[in-house]
Every structure is written in structure tokens, then in C-alpha cells.
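What follows is each chain in one-letter form.
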Amino acid sequence: AQKVTQAQTEISVVEKEDVTLDCVYETRDTTYYLFWYKQPPSGELVFLIRRNSFDEQNEISGRYSWNFQKSTSSFNFTITASQVVDSAVYFCALSEPYSGTYKYIFGTGTRLKVLA
Amino acid sequence: DAGVTQSPTHLIKTRGQHVTLRCSPISGHKSVSWYQQVLGQGPQFIFQYYEKEERGRGNFPDRFSARQFPNYSSELNVNALLLGDSALYLCASSRSIQETQYFGPGTRLLVL
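First, a word on what this report is: a plain description of the structure on this page. Bear in mind the structure is a predicted one, so any value in this text is a computation, not a measurement.

Thresholds applied
Residues numbered from 1 in each chain as written. Chains lettered and ligands numbered in written order. Predicted model: local features only at pLDDT ≥ 70, side-chain atom pairs only at ≥ 80, totals over all residues. Heavy atoms only, no water. Contact = heavy atoms within 4.5 Å. Buried area = accessible area lost by both parts, 1.4 Å probe. Salt bridge = Lys/Arg side-chain N within 4 Å of Asp/Glu carboxyl O. Polar contact = N/O pair within 3.5 Å; in protein donor to acceptor, adjacent residues only side chain to side chain. Helix = DSSP H or I, 4+ residues; strand = E, 2+ residues; numbered from the N terminus. Disulfide = S-S within 2.5 Å. Buried < 20%, exposed > 50% of the residue type's maximum accessible area, 1.4 Å probe, protein only.

1. A look at the interface of chain A and chain B
How big an interface is tends to be stated in terms of accessible area lost as the parts join.
Inference 1: At the junction of the two partners, chain A supplies 20 residues and chain B supplies 22 residues.
Inference 2: Summed over both sides, the interface between chain A and chain B buries roughly 1,700 Å², with carbon and sulfur atoms accounting for 52% of that surface.
Inference 3: Among the residues chain A hides against chain B, the three largest losses belong to Leu45, Tyr102 and Tyr104 of chain A. Together they make up 28% of the total.
Inference 4: Between chain A and chain B we count zero salt bridges in total.
Inference 5: Taken together, the connections running from chain A to chain B amount to eight residue pairs in polar contact (both at pLDDT 80 or more).
Inference 6: Mapped onto the side of chain A that touches chain B, the elements with two or more residues apiece are β5 (33-39), β6 (46-52) and β11 (104-106) of chain A.
Inference 7: Among the elements that take part in the side of chain A that touches chain B, β5 of chain A stands out by supplying three residues, more than any other.

Right, dumping it as C-alpha cells:
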């Protein structure tokens, strides 16, 4: 079954600290896609990153980096030198082709509070 | 380029009423998906459309229906509203069904 687990419900850090958001997924397919989205108080989901199941290369993009490990079914997201503007709810999502659709399965989200 | 737009932004209805939510995708995107987000939860998939055809449906009752128009915009209809339908309804568009979905600002529906 498809499932995304974000065990951290809320994290508080002080500005400039690094913070890692955890995501564990379950999937029945060998081809799938993983995503991180940010949801500020305005409500709009903002796309951050996407990884394909066949590409485990970890990358850094500005202050964002991610660690994709198929062996542990984890897709963790790190913000380096956090800023107050990073405060938001972060969602991890999984998509796989199933019956002709690519619906997204979201975790329950992690609320990040960055304190000045 | 303009992002995904949704209307209305807020809506208040009473139980038993009907509601229509609208979504305009990013230019060039041919797929639209709808999600329901209840307070404190992650979005739940409702529908996915591509080239005006329904490509997927989530675990929602038949009171929920949708369609996609020739210009790729979409409507989500909910009949016989229940209190539990109160949520943020998000629309997302993508170039094709397997490409990254970009979300609109959502419609906040309150059912009294």
C-alpha cells in the first residue's frame, strides 16, 4: 500500500540552525516519485523538490538538500541556516503510476517554527 | 507566467446546499487534480483529469464530481453538503499526468 509517514509533527529551531525533516514512505511499485512541498499560512502548497525512484543521487540546491535512501525508504529534507521565512508546514508526498493516474499521497506534515 | 488560479477564495454554505469550485491551470498544462485538505491533515486526492478525461478518483462519495473543459480549466462540484466537507480545496495543474503538480491558493469552504 502507498503511505507516507512524517513522524515529526512540530519542530522549533532558532534562526541559522540547520534542520532536517524526516519522511518515510511505503510503495508497491519500483517506479515512483517523491516530493517536498511547503505550505505557508496563506495555504498555497509551494513545490520544493522532486526525486525519481531510479535516481538516488543526493543534491544541494541553495539552502536546501535532501537525502534519498531506497534501502530505508526515506526521503529526508534539510534546510541549512534556517530563516524566519522558512516557518511553514512541510509536506512529503509520494506518487506512483496506478491504474492510469498519478495521484499524490501526502504525509500529515511537519510544522517548522524558526525563531528569531 | 500566471500560476494556478482558483475561485472563489472563501465560501460559506449551509448543510444540504451545492457548491461549485473553479480552477484555471497554468498555461500549457493539460492536467488538473483536486485535493481536499482538512485542518491539520495533509491533502487528500479527489480527482485527476487529463485532456478532459477523468484519469483517477479518490475515495470520496458520489456527491463529489468534476469536469475539465476544452480550455483545460476545471470545476469541482459537491452536492448535499455536510459539515465534514468543510476544508481547503486545492487544485493543482501539470503538463501531463506524471509531471510535477503545481498548486493554486485553494478555496476555503465552510459548511454551517
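2. Some remarks on the state of the cysteines
When the sulfur atoms of two cysteines share a covalent bond, that bond is a disulfide.
Inference 1: For the coordinates displayed, the defined rule picks out two disulfides over all chains.
Inference 2: Two residues share a disulfide in this structure: Cys23 of chain A and Cys92 of chain A, whose sulfurs sit 2.0 Å from each other. On the S-S bond that ties Cys23 of chain A to Cys92 of chain A, the torsion sits near -65°, and the link is left-handed. Of this pair, Cys23 of chain A sits in the loop between β3 (19-21) and β4 (24-26) while Cys92 of chain A sits in strand β10 (residues 88-95); the two residues are 69 residues apart in sequence, bridging distant segments of the chain.
Inference 3: A relative accessible area of 0% places Cys92 of chain A in the buried class.
Inference 4: The disulfide partner of Cys23 of chain B is Cys91 of chain B, and the gap between their sulfur atoms is 1.8 Å. Handedness of the Cys23 of chain B-Cys91 of chain B disulfide follows from its S-S torsion of about -65°: it is left-handed. Highlighted residues: Cys23 of chain B in strand β3 (residues 19-24) and Cys91 of chain B in strand β9 (residues 87-94), separated in sequence by 68 residues. The pair Cys23 of chain B / Cys91 of chain B is uniform in exposure class, with both members buried.

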